[in-house]
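What follows is the residue order along each chain.
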Amino acid sequence: MKKLGIILLFFVLTVFGLSGCGIVDYFTAQREPIVAKKLPEMLLNEPFVITTANGDYSVTINGARTTPQRDANSKSNPQAVIFLDYSYENISYEKRNNMDFFLAQGDFMVSDDAGNELETYNIKDPKRMIQETPIGGSCAASIAYALETESESLTVTFVRGKGREIAQIIIPIEE
């Protein structure tokens, strides 16, 4: 009886071992390759409307321009400093945490032609400062980025929340 149990156990393990590999191969062959998610495209100087549970707002990418301005206290020496110019309008977005709506550097991921993600650079354009906007209000703002390599354009991805990508645009860098 003991001998029959050992043979039966060996047989079951062999069947599971052989069929297990076959099942893995079957499911592996059935998988489709992962395709990068295509984001909606933003258009230069055209409002892109976002609808949320807290209300609606729009964001408009106005362009990218170089500046000779530098931060004297910066330890980095970028090849160029670029201002990302954008504007936003609060259509119906309600106050949260006692603050009106605004868009800041965390709402954008910016990369150069080679795909390098750019770091923000500590300078401001006093004519285009980020401000809170009540319902019906709008704001023209800029964020500076350090460009470490030569690039003719920027890829700007608009993100919300924890890195949730919403839309994307490729814009030329103006001198």
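Refer to the structure above for everything that follows.
Residues numbered from 1 in each chain as written. Predicted model: local features only at pLDDT ≥ 70, side-chain atom pairs only at ≥ 80, totals over all residues. Heavy atoms only, no water.

Caption draft 1: Summary view of the pairing of strand β1 (residues 48–52). Examined bridge by bridge, β1 and strand β2 (residues 55–67) share 5 bridges and lie antiparallel to one another. Across the sheet, residue Ile50 finds its bridge partner in β2, namely Tyr57. Where β1 hands over to β2, the hairpin turn is made up of 2 residues, counted between the paired strands. (Pairing = 2+ DSSP bridges. Helix = DSSP H or I, 4+ residues; strand = E, 2+ residues; numbered from the N terminus.)

Caption draft 2: Highlighting the pattern of salt bridges. Scanning the model with the defined rule gives 4 salt bridges in all. Note that Arg65 is salt-bridged to Asp125, the shortest N-O span being 2.4 Å. Pair noted here: Arg65 is in strand β2 and Asp125 is in the loop between β5 (119–120) and β6 (138–147), with a separation of 60 residues, a long-range link. Relative accessible area serves as the criterion here: at 23%, Arg65 is assigned to the partly exposed category. Arg160 is the salt-bridge partner of Asp107, the closest N and O atoms lying 2.5 Å from each other. In this pair, Asp107 sits in the loop between β3 (80–90) and β4 (108–111) while Arg160 sits in strand β7 (residues 153–160), placing the two residues 53 residues apart along the sequence. In this structure Asp107 comes out as buried when scored by relative accessible area, which is 11%. If you follow the salt bridges from partner to partner, you end up with Arg65, Asp85, Asp125 and Arg128 in one network. (Salt bridge = Lys/Arg side-chain N within 4 Å of Asp/Glu carboxyl O. Buried < 20%, exposed > 50% of the residue type's maximum accessible area, 1.4 Å probe, protein only.)

Caption draft 3: Layout of the layout of surface pockets. Empty space within the largest pocket amounts to approximately 260 Å³. Taken together, Tyr93, Glu94, Arg96, Asn97, Met99, Asp100, Phe101, Phe102, Ala104, Asp107 and Arg160 form the lining of the largest pocket. The class makeup of the residues in the lining of the largest pocket is 5 nonpolar, 1 polar and 5 charged. The volume enclosed by the second largest pocket comes to roughly 190 Å³. If you trace the second largest pocket, you find 14 residues lining it, with Gln105, Ile123, Lys124, Ile130 and Ser142 closest to the centre. Broken down by element, the residue count for the lining of the second largest pocket peaks at 3 residues, all from β6. (1 Å grid on protein atoms, 1.4 Å probe; cavity = no way out; pocket = protein on both sides within 12 Å on 5 of 7 lines; lining within 4 Å. Points joined across faces, edges and corners; volume = space filled by probe spheres on them. Nonpolar A, V, L, I, M, F, W, Y, C, P; charged D, E, K, R; others polar.)

Caption draft 4: Representation of the environment of Gln131 in the model. Along the chain, Gln131 falls in the loop between β5 and β6. With a relative accessible area of 46%, Gln131 lands in the partly exposed category. Residues Gln131 and Phe102, 29 residues apart in the sequence, show an inter-C-alpha distance of 6.1 Å. Setting aside anything within four residues of it in sequence, one finds Gln131 in contact with Tyr88, Phe101, Phe102 and Cys139. (Contact = heavy atoms within 4.5 Å.)

Caption draft 5: Local environment of the side chain of Asp71. Take Asp71: it is sitting in the loop between β2 and β3. This buried residue, Asp71, is left without a salt bridge; Lys124 holds the nearest opposite charge, at 9.3 Å. Within the structure, Asp71 has its side chain in polar contact with the backbone nitrogen of Asn73 (distance 3.0 Å). In this view, Asp71 contacts Tyr121, Asn122 and Ile123; residues no more than four positions away in its chain are not counted. (Lys, Arg positive; Asp, Glu negative; His and termini not counted. Polar contact = N/O pair within 3.5 Å; in protein donor to acceptor, adjacent residues only side chain to side chain.)

Caption draft 6: Summary view of a nonpolar patch on the surface. Together, Met99, Phe102 and Ile130 make up an exposed nonpolar region whose accessible area comes to about 220 Å². Secondary-structure assignment places Met99 in the loop between β3 and β4. (Patch = residues over 30% accessible without salt bridge, like charges linked within 9 Å, V, L, I, M, F, W, Y side chains within 5 Å. Areas by Shrake-Rupley, 256 points an atom, 1.4 Å probe, with all protein chains shown as cover.)

Caption draft 7: How the structure looks around the packing of aromatic side chains. Inspection of the entire model under this criterion finds 8 aromatic pairs. Where Tyr93 meets Phe101, the ring centres are 5.0 Å apart and the plane angle is 55°; that geometry is what we call tilted. Taken individually, Tyr93 and Phe101 each receive the classification buried, so the pair is uniform in this respect. Judged by centre distance (5.7 Å) and plane angle (55°), the rings of Phe108 and Phe158 are tilted. With a gap of 50 residues between them, Phe108 in strand β4 and Phe158 in strand β7 connect regions that are remote in the sequence. Taking relative accessible area as the criterion, Phe108 reaches 5% and is therefore assigned buried. (Phe/Tyr/Trp six-rings, centres within 6.5 Å; stacked < 30°, edge-to-face > 60°.)

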